[in-house]
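Observations on chain architecture
Single-letter residue listing:
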Amino acid sequence: MENIEQKDIDNIINTIMDDYSKGRDIDSMSVFHQPDMDVIKDIINKLLRVFYPGFYRERVYKYYNERNNLAVLIEDIMYNLQKQISIVLHNRDEYLDSDEEVTDHEAYLITKKFFHNIPKIRAYLDTDMQAAFDGDPAANGKDEIVLCYPGLLATTINRIAHELFVLDVPLIPRMMTEYAHSITGVDIHPGAKIGKYFFIDHATGIVIGSTTVIGDHVKIYQGVTLGALSTRKGQALHGIKRHPTIEDNVTLYAGASVLGGETVIGHDTVVGSNAFITSSVPPNSRISIENKSIHVENSKVKEEKIDDSTWFYII
């Protein structure tokens, strides 16, 4: 194997530096207003200990009372969250050229508001935990739901991110939900509004867009998409409601897609697997795909009617 010569390295560096000089967006080296992803992940993991004190604990136990433990934890999170928010505030037009003292003060106010909202977030999460327990006969207990169910983890991180989104914090909420996406397979934009008793079962391949509105007691299964009908207009659609509204007591089964900002799924509706919906559905509806058939070779098929739907079991 030949040794790499310094002149070759110099030539490569010169080529890349020339490429950097073209003035494109990709060439920007202004990284001063970008938060630290590792710090954001650490904040999330520590907030999990605040939200679920009996389930997420320190690896090294410290022999303080609960109040002292919480005080140390809160001080740590507040310091780091405030610091990261101060950095990203420069991405808001009104703070574009502000000095650090101004952004630090605003970041402190935002951080304080967020922490005062923690009891409200926990109240919602308690209902999510209950919905998962009530909705999944495979659950052996709520400790299993908290520690093992990626749907609840994704929902928890989304509820954290949503509060920061409402407080107009740039970048950080989206980083949080994309972190959740990477570890759970659930992609929920922090702008989505989600009611109480929300349950994601199996939690794989789910997409919930930024302007989605979800009511109370909604249950969705793997592969569900709550998305935009069209994004061809690009940034011209920014801020416009593009995603559906799901009213109370709705169940969406695996693979269902509900698209469009004017689409409303009425309360107490069941949407069957693989349904593709682009217009509103009245309350108390049952939506299913008809005229589907199964062809099986070299096997026996037993056909059974359940709730006016045809189910096939291969024997």
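Residues numbered from 1 in each chain as written. Predicted model: local features only at pLDDT ≥ 70, side-chain atom pairs only at ≥ 80, totals over all residues. Heavy atoms only, no water.

Moving on to the overall build of the chain. Regarding its fold elements, the chain presents 8 helices and 16 strands. Counting every position in the chain, which comprises 315 residues, the buried fraction comes to 40%. Counting contacts in the chain only where the partners sit at least 6 residues apart, residues at least 24 apart contribute 45% of the total. For the chain, the exposed surface amounts to about 19,200 Å²; the carbon and sulfur share of it is 51%. (Helix = DSSP H or I, 4+ residues; strand = E, 2+ residues; numbered from the N terminus. Buried < 20%, exposed > 50% of the residue type's maximum accessible area, 1.4 Å probe, protein only. Contact = heavy atoms within 4.5 Å. Areas by Shrake-Rupley, 256 points an atom, 1.4 Å probe, with all protein chains shown as cover.)

It is worth spelling out the sheet that holds strand β6 (residues 219-220) at this point. With parallel pairing, 5 strands are arranged side by side in an open sheet as β3-β6-β9-β12-β14. Either end of the sheet is taken by a strand with one partner, and the two such strands are β3 (199-200) and β14 (286-287). Inspection of the sheet shows β3 paired to β6 by 2 bridges, in the parallel sense. Pairing of I200 across the sheet is with I220, part of β6. (Pairing = 2+ DSSP bridges.)

Right, let's get into the side chain of H189. Along the chain, the position of H189 falls in the loop between β1 (186-188) and β2 (193-194). Excluding residues that lie within four positions of it along the chain, H189 makes contacts with N158, F165, R174, I208, G209 and S210.

So, on to the confidence of the model for the chain. This prediction gives the chain a mean pLDDT of 89; 87% of its residues lie at or above 70. Of the regions scoring below 50 in pLDDT, residues 298-315 engages in 23 contacts with residues more than four places distant in sequence or in other chains. (pLDDT = per-residue confidence, 0-100.)

Attention now goes to helix α5 (residues 118-135). Taking 1.5 Å of rise per residue, 18 residues should cover 26 Å, and α5 covers 25 Å from first to last C-alpha, within 8% of that figure. Where α5 is concerned, the buried positions are I118, I121, L125, T127, D128, M129, A131 and A132. On its buried face, α5 sits against α2 (37-51), α4 (100-116), α6 (142-148), α7 (150-166) and β3. (Expected span 1.5 Å × (residues − 1).)

Evaluated as defined, the whole model comprises 3 aromatic pairs. A centroid spacing of 5.4 Å and a plane angle of 90° characterise the contact between F114 and F115, whose relative ring orientation is edge-to-face. K142 extends its terminal NZ or CZ atom over the ring of F133, reaching a point 5.8 Å from the ring centre. The aromatic ring of Y124 is capped on one face by K196, whose charged end is 5.4 Å from the ring centroid. (Phe/Tyr/Trp six-rings, centres within 6.5 Å; stacked < 30°, edge-to-face > 60°. Lys NZ or Arg CZ within 6 Å of the ring centre and 35° of its normal.)

Moving on, we come to empty space enclosed by the protein. Tallied over the full model, the rule gives 1 cavity of 30 Å³ or more. Space inside the largest cavity adds up to approximately 40 Å³. Lining the largest cavity are D128, A132, Y149, G151, L152, T155, F198, F199 and I200. At the level of elements, α5, α7 and β3 are the ones that each hand at least two residues to the lining of the largest cavity. The element that contributes the greatest number of residues to the lining of the largest cavity is α7, accounting for 3 residues. (1 Å grid on protein atoms, 1.4 Å probe; cavity = no way out; pocket = protein on both sides within 12 Å on 5 of 7 lines; lining within 4 Å. Points joined across faces, edges and corners; volume = space filled by probe spheres on them.)

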